[in-house]
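Residues per chain are reported as follows:
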4 protein chains.
Amino acid sequence: MPTSTTKREDIIQSALTLFAERGFDATTIPMIATDAKVGAGTIYRYFSNKEVLVNTMFQHYVSLFKETLEKDYPAESDIREQFHHLFQGMIRFTNEHDHALYFIKTHTSAYFLDANSRDQFSHLLMILENFFDEGKKEKQIRELPSKALIAIIFGGFLQLYQLIRAGELEASEELLAGVENSCWDAVRHP
Amino acid sequence: MPTSTTKREDIIQSALTLFAERGFDATTIPMIATDAKVGAGTIYRYFSNKEVLVNTMFQHYVSLFKETLEKDYPAESDIREQFHHLFQGMIRFTNEHDHALYFIKTHTSAYFLDANSRDQFSHLLMILENFFDEGKKEKQIRELPSKALIAIIFGGFLQLYQLIRAGELEASEELLAGVENSCWDAVRHP
Amino acid sequence: MPTSTTKREDIIQSALTLFAERGFDATTIPMIATDAKVGAGTIYRYFSNKEVLVNTMFQHYVSLFKETLEKDYPAESDIREQFHHLFQGMIRFTNEHDHALYFIKTHTSAYFLDANSRDQFSHLLMILENFFDEGKKEKQIRELPSKALIAIIFGGFLQLYQLIRAGELEASEELLAGVENSCWDAVRHP
Amino acid sequence: MPTSTTKREDIIQSALTLFAERGFDATTIPMIATDAKVGAGTIYRYFSNKEVLVNTMFQHYVSLFKETLEKDYPAESDIREQFHHLFQGMIRFTNEHDHALYFIKTHTSAYFLDANSRDQFSHLLMILENFFDEGKKEKQIRELPSKALIAIIFGGFLQLYQLIRAGELEASEELLAGVENSCWDAVRHP
DNA sequence: TATGAATGAGGGTTCATTCAT
DNA sequence: GATGAATGAACCCTCATTCAT
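Residues numbered from 1 in each chain as written. Chains lettered and ligands numbered in written order. Predicted model: local features only at pLDDT ≥ 70, side-chain atom pairs only at ≥ 80, totals over all residues. Heavy atoms only, no water.

Structural notes on the packing of helix α5 (residues 79–96) of chain B against helix α9 (residues 173–187) of chain B
Residue and element names in this part refer to chain B. For clarity, the cut-off: All axes are obtained by fitting lines to C-alpha atoms, using only the stretch in contact for helices, and the reported angles, taken between N-to-C directions, cover 0 to 180 degrees. In DSSP terms, a helix is any run of H or I states spanning at least four residues, a strand is any run of E spanning at least two, and both are numbered starting from the N terminus. Roughly parallel refers to an angle under 35 degrees, roughly antiparallel to one over 145, roughly perpendicular to one between 65 and 115, and oblique to any angle outside these ranges. Handedness of each helix crossing follows the sense of rotation of the near helix against the far helix: counterclockwise by less than a right angle gives left-handed, clockwise gives right-handed. Residue contacts are defined here by distance: any two heavy atoms, one from each residue, within 4.5 Å place the two residues in contact. Amino acid classes used here: Ala, Val, Leu, Ile, Met, Phe, Trp, Tyr, Cys and Pro are nonpolar; Asp, Glu, Lys and Arg are charged; the rest, including Gly, are polar.
One way to put it is that α5 packs onto α9 with a least axis distance of 11 Å and a crossing angle of 130°. Taken as axis vectors, α5 and α9 run oblique relative to one another. The element α5 and its partner α9 pack so that their crossing is right-handed. In this structure, α5 contributes Ile79, Arg80, Phe83, His84, Phe87, Gln88 and Ile91 to the contact, and α9 contributes Leu176, Val179, Glu180, Asn181, Cys183, Trp184 and Val187. Of the residues assigned to the contact of α5 with α9, the class counts are nine nonpolar, three polar and two charged.

Following this line, the structure appears as structure tokens:
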């Protein structure tokens, strides 16, 4: 494995943590360089500028998240099972990529995201939209625009995740199961 | 009506929009000045620096929001009615102060908030927490940490409102009523 | 006596103190206005800008100092007596116009002095130069360029005066008499 | 010879000249940068801010001056010889570091000097004070406060040097010897 | 005449980006 | 390829100056 790949990944790792903790604007290139143990100039070998770096990262993690949701999707199971799969996907992704979901959430509507990043993100939403559209057809899901339902679930979950990261809530099995039920009741046909 | 009051309000208006859209760090004083149609120096007649500006605004809007929630609170009605009051409060406040709730949410855990701002905000949370705590005692509300319930409602609602502002959803009576029901089902005792 | 004259003098008084204490560059127009109890704009009724203000003041006090030295000059007495008169003049001026001599000293070679101010100051030096030139003719004064002798006396006295203002030395009769003797020995023919 | 050392020295050189000619407050960082032919930001690689820059310089030159005075000090010779050494030290230091002594004098009681700078400066004064104190004990030096004697010598010498730099006087051996005698007569026991 | 709110040029400082090594 | 010294544009903020009242 060539060194360069490692450096590139070190940079992304450091940038992810810092962007999540401090935000894009409050994170400087020298900070990332120091944290990643590379020279500041080195970052520009891999990313032509700071915006390209965030966008690349954003797309990377959105794409990973999408994969996590799609992997082993129980297309044949009932809708509650599918919902469970999606919800567990959020949790699994969060556990595997510590700051990634928080980074995605806090940068989703940032001014510096390019068309590509926005596209990727709407692809992600589409997975969820398809799920809800299908569910409404089967009268299993509440009669609200799918976008609204996603907003409720996604917005709620990510807000909750912030509390967990801030240490105000502990991510116990019990809590997560309870939240899943709550979210399910929010979207399922009454 | 003295000019100064108008200028101060113009500055706050512009700052609110820009802070909500781009965040504190990405919003420059010249941006605010241009948007408010005042000289950059004028901002410093009203706020001794940028941090005082955000904190003043934060406290102002949190306070206004608290008032909106508390005004005419139906203490004697049943819990569903009270939930309705709170939910309508969010909607009313958002309609009256376009970016304010989003500004509050995205800056809630910012590094530049002073003790006063954090205090004000925890008072606000307490109102909501009390509501949920009371409801749980009466077995009307789901057995989840109140903070988690608040996160779900707020996160969902604000995510939804972004869609509305982006023009992807229309804020019809029907939609809002549907969302309120969805949120209620998310928090009410199953 | 019209009000305006009083205001003008208040401004000069305040400016003198502040310029002496903090220097020209560290003194702001609002500071002077506050100290003089006038509006900032009022200063511009009397002095078209900050540089005109210092230059006017500089010329004013240099001129006053010149008058003090020339008043009752004992043209007929012997040279030691004349030296005494000049030296006492410095002391008297310092007592009558508290910060004036310090202001003159610290601003003598300032970048913002105009030709007029420099002229006035060299007129002042000329009085002293004449004294030394005359003394050298009479073999009463050391054979050094008069400018050098002035530098020694003036430089020395003003440096001393700084110590007095800083509170490091007390301006007793005895000290002043001793310094006068020291200065006289520095310039008199050996 | 590494470039960085040169840049640092260029910055100090330019700052020294400008601080001496215009004073700290009237000297801007861009002025120094332009004069030193470096970018404005470069100054901050070497000095964390403008105040650190003056203080560093102040301490540097005070220290150098002290060394000049102490180097080869004729502790065993008579007091006139020692005075000669000190006086020649002033001349030598001034010739080697053009604006340094004037910079020291005009910034001695500035508001931005830190404890370290003040310390260094009082060490310098102590050397001179010791000389005068010793001389007074031996009845070789006039009975005046040592601080006053220092003020007279320094004030006079620097005022003179300004004339020399302004081209109004030529620094001939003869003149300097004459001035040394004049200063000696100012301080020696009558 | 007197005021002080308003302005914007310019100050100190930071940091994304470049480039010689 | 990797570095970090160097740069200068752009930030936050101050203050001399103007001008409506």
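Remarks on helix α6 (residues 100–107) of chain A
Put simply, the rule reads: Buried residues are those whose accessible area, probed at 1.4 Å on protein chains only, stays under 20% of the maximum for their type, while exposed residues exceed 50% and partly exposed ones sit between those limits.
Burial of α6(A) is extensive: seven of the eight residues sit out of reach of the surface. For α6(A), the set of buried residues is A:Ala100, A:Leu101, A:Tyr102, A:Phe103, A:Ile104, A:Lys105 and A:His107.

As for the protein's contact with DNA strand F
Our working definition: Throughout, the term near means that a residue has one or more heavy atoms lying within 4 Å of the molecule or strand in question. Any N or O atom pair separated by 3.5 Å or less is treated as a polar contact, with the protein-specific requirement of one donor-capable and one acceptor-capable atom, and with residues adjacent in sequence counted only for side-chain atom pairs.
Surrounding DNA strand F, one finds 32 residues, the nearest of these being A:Thr42, B:Tyr44, C:Ile29, D:Thr42 and D:Tyr46. Residue D:Gly39 places a main-chain N or O atom 2.9 Å away from a phosphate oxygen belonging to DNA strand F. One of the backbone nitrogen or oxygen atoms of D:Gly41 is found 3.4 Å away from a base nitrogen of DNA strand F. Of all elements in the fold, only α3 (40–46) of chain A, α2 (29–36) and α3 (40–46) of chain B, α2 (29–36) of chain C together with α1 (3–22) and α3 (40–46) of chain D reach the threshold of two or more residues within the surface near DNA strand F. Here the surface near DNA strand F gets five residues from one element, more than from any other, and that element is α3(A).

Comments concerning the pattern of salt bridges
What counts, and what does not: Any Lys or Arg side-chain nitrogen located within 4 Å of an Asp or Glu carboxyl oxygen qualifies as a salt bridge.
Overall, the coordinates contain 26 salt bridges over all chains when judged by the stated rule. For A:Glu134, the salt bridge is made with A:Lys137, and the minimal N-O distance between the two is 3.9 Å. Separated by three residues within a single helix, A:Glu134 and A:Lys137 lie in helix α7 (residues 115–137), roughly one turn from each other. Using a relative accessible area of 40% as the deciding quantity, one classes A:Glu134 as partly exposed. Ionic pairing is found between D:Asp98 and D:Arg165, a salt bridge with its closest N-O pair at 3.5 Å. Of the two residues, D:Asp98 sits in the loop between α5 (79–96) and α6 (100–107) while D:Arg165 sits in helix α8 (residues 146–165), which places them 67 residues apart along the sequence. The structure contains a network of salt bridges with shared partners spanning A:Arg142, B:Asp185 and B:Arg188.

Digging into the UniProt feature "domain: HTH tetR-type" (unreviewed entry) in chain A
Condition: UniProt positions are given in the numbering used here, feature names are shortened, and annotations may be inferred rather than shown by experiment.
In this structure's numbering, the residues bearing the UniProt feature "domain: HTH tetR-type" (unreviewed entry) are residues 5–65 of chain A. In residues 5–65 of chain A, helix accounts for 80% and strand for 0%; the two terminal C-alpha atoms are 21 Å from one another.

A few points about the side chain of B:Lys66
Residues and elements named next belong to chain B. Rule in force here: Working convention for charge: Lys and Arg count positive, Asp and Glu count negative, and His plus the chain ends are omitted.
Its place among the elements puts Lys66 in helix α4 (residues 50–70). No salt bridge is formed by the buried Lys66. Its closest oppositely charged neighbour is Glu70, at 6.2 Å. Those residues in contact with Lys66, other than ones at most four positions away along the chain, are Gln120, His123, Leu124 and Ile127.

Quick look at the environment of A:Leu144
By the secondary structure assignment, A:Leu144 is in the loop between α7 and α8 (146–165). For the pair A:Leu144 and A:Phe132, spaced 12 residues apart in sequence, the C-alpha to C-alpha distance is 9.4 Å. If we skip the residues at most four places from it in the chain, A:Leu144 touches A:Lys136, A:Leu149, B:Leu175, B:Gly178, B:Val179 and B:Ser182.

A short note on the UniProt feature "DNA-binding region" (unreviewed entry) in chain A
When the UniProt feature table is mapped to this numbering, "DNA-binding region" (unreviewed entry) covers residues 28–47 of chain A. Split by type, residues 28–47 of chain A is 75% helix and 0% strand. Its first and last C-alpha atoms lie 14 Å apart.

Quick look at the interface of chain A and chain B
The condition is simple: Using a 1.4 Å probe, buried area is obtained as the accessible area two parts lose upon being combined, added over both of them.
Contacts between the two partners involve 27 residues from chain A and, on the opposite side, 29 residues from chain B. With both sides pooled, the region where chain A packs onto chain B buries about 2,400 Å², and carbon together with sulfur makes up 65% of that total. It is A:Tyr111, A:Lys147 and A:Ile152 in chain A that bury the most area against chain B; as a group they hold 19% of the surface buried on that side. Summed over the shared surface of chain A and chain B, the result is eight residue pairs in polar contact (both at pLDDT 80 or more). Taken together, the elements giving at least two residues each to the side of chain A that touches chain B come down to α8 and α9 (173–187) of chain A. Taken together, the residues that form the side of chain A that touches chain B break down as 14 nonpolar, seven polar and six charged.

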